[in-house]
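# Overview (structure and organization)
In case you want the letters, here they are:
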Amino acid sequence: MKLRTLKDLKNISGKTVFLTADFNISLENGHIGNDTRIVETLPTINYLKKRGATIIIASHLGRPRGYDAAFSLKPVAHKLRELTKTDVKLIDNFWEKKALDVISREKQKNIILLENIRFFEGEEKNDRNFSKHLASMADFFVNDAFGTSHRVHSSIVGITEFLPSYAGLLMEMEIHMLSKAISSPKRPLLLIIGGAKTPEKISVIERLLNIADTVALGGAIANTFLAAWGFGTGRSLVDYEMVEMARVVFWKTTRKHCALLLPTDVVISDMERKAKPKVVPYTHVPHNVAIYDIGPKTQSHYRELIKEAGTIIWNGPMGLYEDPRFRKGTDTLLESLASSSAFTIIGGGDTLTSISKAKYLEKIGHVSSGGSAMLAYLEKGTLPGIEVLLSNGENT
Ligand code: ADP
Ligand code: 3PG
Ligand code: MG
């Protein structure tokens, strides 16, 4: 099976391309914290523009329930305007039929950006009529949203039923780099997982126990594992529905040649984060406080593991990095990764946002635009959004 790429997309001058991108970026007071995900989509946008195509871009931002101004793509439209030096028209009620006329008028002079695609419920349901509506805006579909391609959604999967569909340049690059990393990784292979999206990450961890030599945990996901082990985690962010699953992962680890590591010391404060942060062993978390970062002993331990590793994959901040008092674990980790001689891969929306010093990024082997998607790809070698871009060699 061959991936259909932009090279297969011929004669696009005057044609319209529906481009799905992953502009799911963390906003800080309405401003974009880190624009990597937009910057990485520019090669595809420029490629299409240069060949005379008009472009309609779709992306989600966060997980809104219906229309919610806090999740508007306005800041993204602004950034895109700045980066592409082209007018960008944000289309509000894109799911309505009447939006189609506005789009076909405006697309001649502007890049069209549809408002947060998740404002319409059909997106996450992969609703066939909604997919058809999106497809009716364009002649071709290009998917550059590697970071969202683990989702079976309309703008990722459903739309491909109605349009000739291709992988964008970012998608192609991600597939190339990540498949290289897992085909014969230099060992030991160290996987460092943090962040808060426990449900999607936990099942991937379970399966990555087969390929990793060590899995080291931090962030809120580590809280869930500490709770599963039976330790008190006080008021920490714990995904109680995932505790049973974490126990299964512990059990499976006993049957694999893989070490699963939890933080041995943690940084705590009260719920309002008013109390001065304090370091305690993982066995002594009082009931009225929460864990917000990994402690210094854990940081040194993970640094040693990084020194010895041949390949390192990191996704998910080690703590509540948005508060500068709880970003030491995440900062130290990045610093250690940047000075490591191993092949390093990092990825994730928040992981990228959490990076304080861009100079460290230059030292990383591959910076992926995907978080959970990157992990799912490493585990399965494909994603639902990639499967629909494969063809068996016939003309498309
Ligand atoms: P990524 O986008 O890199 O895959 P996630 O979305 O899974 O990462 O998680 C990032 C979020 O996890 C951040 O908002 C961060 O504040 C939160 N987080 C990490 N550790 C903790 C913790 N101990 N308590 C509360 N939130 C945490
Ligand atoms: C991500 O940041 O991991 C992607 O944009 C996917 O977001 P989601 O987990 O809300 O689908
Ligand atoms: Mg995130």
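The paragraphs below set out a description of the structure included in this document. Here the structure is a predicted model, which means the values were calculated and not measured.

### Re the nonpolar core
- With 50 residues, the main nonpolar core has Phe 146, Val 215, Leu 217, Phe 225, Met 374 and Ile 386 as its most contacted residues.
- Of all elements in the fold, only helix H7 (169-183), strand S10 (189-193), helix H8 (198-208), strand S11 (214-217), helix H9 (219-229), helix H10 (243-253), strand S13 (265-269) and helix H15 (372-380) reach the threshold of two or more residues within this core.
- Leaving out residues up to four positions away in the same chain, Ile 386 has contacts with Leu 3, Phe 146, Met 171, Ile 175 and Tyr 377.
- In terms of nonpolar packing, the next biggest core, distinct from the first, is built from 28 residues, Leu 9, Phe 23, Ile 55 and Leu 80 among them.

### Some thoughts on the pairing of strand S17 (residues 343-347)
- Most of S17 is tucked away: four of the five residues are buried.
- Strand direction decides the pairing type here: strand S16 (residues 311-315) and S17, joined by five bridges, are parallel. From the neighbouring strand, Asn 315 faces S17, where its bridge partner is Gly 347.
- Remark: the S16/helix H12 (residues 328-338)/S17 crossover connection has right-handed handedness.

### So, the site of ligand 1
- Around ligand 1, a shell composed of 21 residues is seen, among which Ala 196, Lys 201, Glu 322, Asp 350 and Thr 351 lie nearest.
- Here an oxygen atom of ligand 1 sits 3.0 Å away from a polar atom, N or O, in the main chain of Lys 197.
- Gly 349 places a polar main-chain atom, nitrogen or oxygen, 3.4 Å from an oxygen atom of ligand 1.
- When ligand 1 is considered free in solution it has 580 Å² of accessible area, and contact with the protein chains removes 90% of it.

### So, the packing of aromatic side chains
- Tallying each qualifying case throughout the model produces twelve aromatic pairs.
- Here the aromatic rings of Phe 140 and Tyr 166 are separated by 6.3 Å at their centres, their planes lie at 65 degrees, and the arrangement is edge-to-face. Within this pair, whereas Phe 140 is found in strand S8 (residues 140-143), its partner Tyr 166 is found in strand S9 (residues 165-167), the two being separated by 26 residues in sequence. Here Phe 140 matches Tyr 166 in class, with each residue buried.
- Within the aromatic cluster, the residues linked to one another by ring pairs are Phe 94, Trp 95, Phe 120 and Phe 130.
- For Arg 51, the ring lying beneath its charged end belongs to Tyr 47, and the centroid distance is 3.6 Å.

### What to know about unusual backbone geometry
- In this chain, Arg 187 is followed by Pro 188 through a cis amide linkage whose omega measures 0 degrees.
- Its identity as a non-glycine residue notwithstanding, Asn 29 has a phi of 50 degrees, on the positive side.
- On the secondary structure map, Asn 29 appears in the loop between strand S3 (27-28) and strand S4 (31-32).

### Considerations on the site of ligand 2
- Looking at ligand 2, the residues that line it are Asp 22, Asn 24, Arg 37, His 60, Arg 63, Arg 118, Gly 147, His 150, Arg 151, Lys 197 and Glu 200.
- In the environment of ligand 2, an oxygen atom lies 3.1 Å from a nitrogen or oxygen atom belonging to the side chain of Arg 37.
- Between ligand 2 and His 60, the relevant distance is 3.2 Å, taken from an oxygen atom to a side-chain nitrogen or oxygen of the residue.
- Protein contact buries 96% of the 310 Å² of open area that ligand 2 shows by itself.

### Remarks on the sheet that holds S11
- Taken together, six strands build an open sheet; the order of strands is S12-S11-S10-S16-S17-S18 and the sheet is parallel. With partners counted over all chains shown, the strands left at the sheet margins are strand S12 (259-261) and strand S18 (366-368), one partner each. Neighbouring strand axes in the sheet, compared pairwise and without regard to direction, differ in orientation by 15 degrees on average.
- The pairing of S17 with S18 spans three bridges and is parallel.

Rules used in this analysis
- Residues numbered from 1 in each chain as written.
- Chains lettered and ligands numbered in written order.
- Predicted model: local features only at pLDDT ≥ 70, side-chain atom pairs only at ≥ 80, totals over all residues.
- Heavy atoms only, no water.
- Core = buried A, V, L, I, M, F, W, Y, C linked by side-chain atoms within 4.5 Å.
- Buried < 20%, exposed > 50% of the residue type's maximum accessible area, 1.4 Å probe, protein only.
- Helix = DSSP H or I, 4+ residues; strand = E, 2+ residues; numbered from the N terminus.
- Contact = heavy atoms within 4.5 Å.
- Pairing = 2+ DSSP bridges.
- Right-handed = clockwise from strand over helix to strand, strands pointing away.
- Near = heavy atom within 4 Å.
- Polar contact = N/O pair within 3.5 Å; in protein donor to acceptor, adjacent residues only side chain to side chain.
- Areas by Shrake-Rupley, 256 points an atom, 1.4 Å probe, with all protein chains shown as cover.
- Phe/Tyr/Trp six-rings, centres within 6.5 Å; stacked < 30°, edge-to-face > 60°.
- Lys NZ or Arg CZ within 6 Å of the ring centre and 35° of its normal.
- Axes fitted to C-alpha atoms, helices over the stretch in contact; angles between N-to-C directions.

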